[in-house]
Protein chains: 2
Amino acid sequence: MQVNPRLFSFVGGNSGVWKITSIIRNSGESLPPAEKLHIAGGAETEPSDSVWILRGATSNERYVERKEKDRLLREQPSLGRPEANCGAMIAIRKNAQWWSLTQDERRAIFEEKSHHIKIGLDYLPTIARRLHHCRDLSTSEPFDFITWFEFAERDTAAFEQLLKQLHATEEWKFVDREVDIRVAREKP
Amino acid sequence: MQVNPRLFSFVGGNSGVWKITSIIRNSGESLPPAEKLHIAGGAETEPSDSVWILRGATSNERYVERKEKDRLLREQPSLGRPEANCGAMIAIRKNAQWWSLTQDERRAIFEEKSHHIKIGLDYLPTIARRLHHCRDLSTSEPFDFITWFEFAERDTAAFEQLLKQLHATEEWKFVDREVDIRVAREKP
C-alpha cells in the first residue's frame, strides 16, 4: 500500500532539528515530555526512540472562500524561511457537538462569528502555517487537527497575540483538547 | 495503532454475501473482475483471496446544510433492510481542478447548480446510501469517494434514474474516474 503523499508525521523523541522548549496543555490531556521534534513526510510508525507520534494530512480547504484564498495565496509565506527559527505545533480536538453541525453552521461559527480566517490573515506575512487533518486518517488519532507554525523569534509576541485572539472565539468553545508545543532551532 | 472506527473496506474477491453482477467503467480505468463483494469495518489489508480492496471512512458532511440534514435524518432509510437485496458500490475520483476550488465554489457547483443533495432527497426513502471519503486516508487511494447504495430489486429503475440525473450535472464534469459495481444477495 502506498502512503498518502499529503501525510506528515510529528514525532516527539530524541532526534529532530527542532528542540522542544515547552509542552503546554490548554485543555484536555497533555502529551508526555520529549526533547526533540522531528517532522517527516509519510507515516513514520515506530522510530525506536519516539515518545509520541501524531499524524495528519494536508487537504483541500473546508471553509475558505475564494476572496480569502486569493489573499492567502498572495500573502502567506512558505515554510522553511531561514529567519524563522521558532516553531509551534498546536494539536486540537473538537467535541462531538461540533462534528454534528452542518457545513453552514460550522462556517457561521468558524468565520462569521469567530473570524478564524480573518485573524490568520492579519498575521501575514509574519507567521507561516500548514494545517493537517487527522480525523479521517486510517488510524484513530488523538487530535482532529495539527497546525504547524513557523516564525522569527522577534515575532513571538505577535504569535502569542494570534493565539489569544483565537482562544477568545466562539469556535474555541468546541475545542475539548488542545496541546501547544513550542520548538526552536539554530538559524542555518 | 488503533484503526479509525469509521473506516470500511470494500473487498472484491471470492467471498462475501454480495454476488457481483456487473462492473461498469463510466470514466477512467476500470477495476478487475471479481465474483463477490465483502464489506468490512476496519482496514482489511490482505485477505488472501482478494482481487482488489478499496477503503473509505464515513465523516462529517462537507456540503449539507441544516434544512437539508433535517430532511435527510427524517427520511433516509437505514442499511440492511430485509427487502433491499440489490446493492451498488460507486467509486469516483474528482480531478485536480475540483480540489483546487474553494468551499463556496464547490458548494455552488455541488448544490446550487447540480442539485446533488436535492436529487438524492427525491429518492428517499427508497434508496439507502452511505458515503465514504477516501482522499484523506493514510494510504494513497485510487478513488476519492465510495458511495454504497442498497435498494429492493423493484426499485432498480428508480436507482438508474438517480444515476442518470447525477451524471448530467455540472458537478460530474469534474469526475475523471468512475466505476459502478452492482451486487445482489439472496433475501434473508
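Scroll up to find the structure.
Draft legend 1. Focus on the overall build of chain A. In terms of helices and strands, chain A carries 5 helices and 8 strands. From first element to last, N terminus to C terminus, chain A shows the α and β order β-β-β-β-α-β-α-α-α-β-β-α-β. Computed over C-alpha atoms, the radius of gyration of chain A comes to 16 Å, within 12% of the 16 Å expected from 2.2 N^0.38 for 188 residues, which places it in the range of a compact globule. Dimensions of chain A, computed from C-alpha atoms along their principal axes, come out at roughly 45 × 35 × 35 Å. Expressed as a percentage of the 188 residues in chain A, the buried residues total 53%. Within chain A, counting contacts between residues at least 6 apart in sequence, those at least 24 apart form 77% of the total. Of the roughly 8,600 Å² of accessible surface on chain A, 52% is carried by carbon and sulfur atoms.

Draft legend 2. Main features of the pattern of salt bridges. Residue and element names in this part refer to chain A. Evaluated as defined, the whole model comprises 36 salt bridges over all chains. For E61, the salt bridge is made with K69, and the minimal N-O distance between the two is 3.2 Å. D70 serves as the salt-bridge partner of R66, at 3.1 Å between the closest nitrogen and oxygen. A residue pair is termed a helical-turn pair when its members lie 3 or 4 positions apart in one helix, as R66 and D70 do in helix 1 (residues 66-75) at 4 residues.

Draft legend 3. Summary view of the packing of aromatic side chains. Going through the model one piece at a time under the given rule, you end up with 12 aromatic pairs over all chains. Summarising the aromatic geometry, the rings of F151(A) and F159(A) are spaced 4.5 Å apart at their centres and angled 25° between planes, so their arrangement reads as stacked. When sorted by exposure, F151(A) lands in the same class as F159(A), which is buried. Aromatic ring contacts, followed pair by pair, group F149(A), F151(A) and F159(A) into a single cluster. Directly above the aromatic system of W98(B) lies the positively charged group of K94(B), at a separation of 3.9 Å from the ring centroid. Seen from the ring of F8(B), R130(B) lies directly overhead, with NZ or CZ sitting 3.7 Å from the centre.

Draft legend 4. Up close: the interface of chain B and chain A. Tallying the contact residues gives 33 residues for chain B and 33 residues for chain A. Summing both sides of the interface, chain B and chain A together bury roughly 3,000 Å²; the carbon and sulfur share of this comes to 43%. By the criterion of area lost to chain A, the three top residues of chain B are M1(B), D136(B) and S138(B), representing 21% of everything that side buries. A salt bridge links R6(A) to D136(B), with the shortest nitrogen-to-oxygen separation between them at 3.1 Å. Applying the counting criterion to the chain B and chain A interface returns 31 residue pairs in polar contact (both at pLDDT 80 or more). Of all the elements in the fold, those that place two or more residues in the side of chain B that touches chain A are helix 1 (66-75), helix 2 (96-100) and helix 3 (103-113) of chain B. At 4 residues, the largest contribution of residues to the side of chain B that touches chain A is made by helix 3 of chain B. Class assignment of the residues belonging to the side of chain B that touches chain A gives a composition of 9 nonpolar, 12 polar and 12 charged.

Draft legend 5. Local environment of helix 5 (residues 156-167) of chain A. Residue and element names in this part refer to chain A. The terminal C-alpha atoms of helix 5, which comprises 12 residues, lie 17 Å apart, in line with the 16 Å expected from a rise of 1.5 Å per residue. Every buried residue of helix 5 is accounted for by F159, L162, L163 and L166. Along the axis of helix 5, the buried positions cluster into a sector of 95°, meaning they face one direction only. The outward face of helix 5, more than 90 degrees from its buried face, is lined by the exposed residues A157 and K164. Summarising the contacts, the buried residues of helix 5 are in contact with strand 5 (86-94), helix 4 (116-122), strand 7 (145-151) and strand 8 (175-184).

Draft legend 6. How the structure looks around the pairing of strand 2 (residues 18-27) of chain B. Residues and elements named next belong to chain B. As paired elements, strand 2 and strand 3 (residues 36-41) share 2 bridges and run antiparallel to each other. In the strand pairing of strand 3, W18 is matched with L37. Alignment of strand 2 against strand 8 (residues 175-184), held across 7 bridges, turns out to be antiparallel. Residue pairing in the sheet places I20 in a bridge with V183 of strand 8.

Draft legend 7. Spotlight on the environment of C86(B). Tracing the chain through its elements places C86(B) in strand 5 (residues 86-94). Residue contacts for C86(B): discarding those within four places in its chain leaves W18(B), F149(B), E150(B), F151(B), A152(B), E153(B), T156(B) and V183(B).

Draft legend 8. Representation of the side chain of N4(A) within the structure. With respect to the secondary-structure elements, N4(A) resides in the segment before strand 1 (7-13). According to the relative accessible area criterion, N4(A) is buried, its value standing at 2%. A distance of 3.3 Å separates a polar side-chain atom of N4(A) from the backbone oxygen of R135(B).

Calculation criteria
Residues numbered from 1 in each chain as written. Chains lettered and ligands numbered in written order. Predicted model: local features only at pLDDT ≥ 70, side-chain atom pairs only at ≥ 80, totals over all residues. Heavy atoms only, no water. Helix = DSSP H or I, 4+ residues; strand = E, 2+ residues; numbered from the N terminus. Rg over C-alpha atoms; globule rule 2.2 N^0.38 Å. Buried < 20%, exposed > 50% of the residue type's maximum accessible area, 1.4 Å probe, protein only. Contact = heavy atoms within 4.5 Å. Areas by Shrake-Rupley, 256 points an atom, 1.4 Å probe, with all protein chains shown as cover. Salt bridge = Lys/Arg side-chain N within 4 Å of Asp/Glu carboxyl O. Phe/Tyr/Trp six-rings, centres within 6.5 Å; stacked < 30°, edge-to-face > 60°. Lys NZ or Arg CZ within 6 Å of the ring centre and 35° of its normal. Buried area = accessible area lost by both parts, 1.4 Å probe. Polar contact = N/O pair within 3.5 Å; in protein donor to acceptor, adjacent residues only side chain to side chain. Nonpolar A, V, L, I, M, F, W, Y, C, P; charged D, E, K, R; others polar. Expected span 1.5 Å × (residues − 1). Arc of directions from axis to C-beta. Pairing = 2+ DSSP bridges.

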